[in-house]
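Listed below are the residues making up each chain.
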Amino acid sequence: MTPAIAVTGLTRRYPGHVALDDLRLTVGAGTITGLLGRNGAGKTTLLRILAGQEFPSSGSVRVFGSPPAENGSVLRRLVLVREDQEYPDSQGYPSFKASHALRAASFSYPNWDADLASSLLADFGLRAKQTVRSLSRGQRSALGITIGLAARADVTLFDEPYAGLDAVARRIFYDRLLEDFTLNPRTVLLSTHLIDEAAGLFDQVVMLDRGRVVLNAAADELRGMVTTVSGPALAVHAFTEGRPVWERRELGSQASAVMVGRVSGDNRERARSLGLDLAPLSLQQLMDHASAGPGAAGPLMMRNSA
């Protein structure tokens, strides 16, 4: 089966800077993938190339088996919503309204759902007759999210789409995304810095660092895969001996270690008997460690259990 997205050897160079460096990635159809990484990791560049808005310096990019750039048959099946989404009002159209933006989108996307768009506007407290120029930053984000969801594009790309939205509005986005995805599956890539907040959405997690993929795994595999072990130093060393460890810290007689591998029931009992505390790392903490250096996330690909 042809994957929704297939990237091989993708490199994007700018003067004095390499944004993407021999990147390789495959994303299956009908999944929600979290695209994570620090600022400058290459997330926006990757999404722009996938959306045909930028050309790679080298490498192969395929969306449903075809290159997206200047390819109308692919671009009609794809939508990209960015944090800095622009509308014609910034180009001299002060009377351009939210309804105009929705109408323009309806012409671009064959799966457009006008009822969903109206429902989302109501959820976010937007009025169709509001001019885009009068919208706050958060309202502009809500308009972009509305277009991204109502397009029901086969590939839906969100690049930090909720700038200026409060926690309640972000929760509306997450809930409506998951609800409509369940009814109308498609391939979704969501780039976000609010990692733990959005973690429950993800089927797959891809982390970029310095233009390379440093982690690509099913979200279910990551949950409980890395654990902080803390307590008496001798007990920590005994418990983690022979297991992959990302980091160790000691302070006097106490120590902690970030250990890779699931902890079985028997080993949880052993930890209690040794006076150790076990705490699973959040997805945000996983990203921090995976971005710590080349190969840092390698042990996550192991299947062994502690």
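Please read all numbers here as calculations on a predicted model, not as lab measurements.

J.: Before we move on, could you go through the pattern of salt bridges and cite the residues and values that matter?
T.: In the structure shown here, the tally under the stated rule is 18 salt bridges. The closest approach of N and O atoms between Arg12 and Glu54, which form a salt bridge, is 3.0 Å. Of this pair, Arg12 sits in strand β1 (residues 5–14) while Glu54 sits in the loop between α1 (43–50) and β4 (58–63); the two residues are 42 residues apart in sequence, bridging distant segments of the chain. The same class applies to Arg12 as to Glu54, namely buried. For Glu83, the salt bridge is made with Arg137, and the minimal N-O distance between the two is 3.1 Å. Taken together, the residues span a long stretch of sequence, with Glu83 in the loop between β5 (78–82) and α3 (98–108) and Arg137 in helix α5 (residues 137–150) at a distance of 54 residues. Exposure remark for Arg137: the relative accessible area of 55% places this residue in the exposed category. What emerges from the salt-bridge pattern is a single network uniting Asp113, Arg152, Asp180 and Arg186.

J.: Can you break down the pairing of strand β7 (residues 187–191) residue by residue, with the values?
T.: When you tally the buried positions in β7, you get five out of five residues, the bulk of the element. Looking at chain direction, strand β3 (residues 32–36) and β7 are connected through four bridges and run parallel. If you follow Thr33 over to β7, its bridge partner there is Leu189. The sheet contact formed by strand β6 (residues 155–159) and β7 spans five bridges and is parallel. Among the inter-strand pairings, Asp159 is bridged to a residue of β7, identified as Ser191.

J.: Describe unusual backbone geometry, with residues and values.
T.: Residue Glu70 is not a glycine yet carries a positive backbone phi of 55°. Structurally, the position occupied by Glu70 is in the loop between β4 and α2 (72–75). A relative accessible area of 72% means that Glu70 is categorised as exposed. Even without glycine at this site, Arg152 takes up a positive phi of about 45°. One can find Arg152 in the loop between α5 and β6. On the accessibility criterion, Arg152 (18% relative accessible area) is buried.

Thresholds applied
- Once a new chain begins, its residue numbering starts again from 1 and follows that chain's sequence as written.
- Given that this is a predicted model, residues contribute local features only at a pLDDT of at least 70 and side-chain atom pairs are listed and counted only at 80 or more, while totals for whole chains, interfaces and linings are drawn from all residues.
- Hydrogens and water molecules were not included; the side-chain quantities draw on all heavy atoms of the structure.
- Salt bridges are defined by distance alone: a side-chain nitrogen of Lys or Arg within 4 Å of a carboxyl oxygen of Asp or Glu.
- Secondary structure elements follow DSSP: runs of H or I of four or more residues count as helices, runs of E of two or more count as strands, with numbering from the N terminus.
- A 1.4 Å probe rolled over the protein chains alone gives each residue an accessible area, and that area as a share of the maximum for its type sets the label: buried under 20%, exposed over 50%, partly exposed in between.
- A pair of strands is treated as paired once DSSP finds two or more bridges between them.

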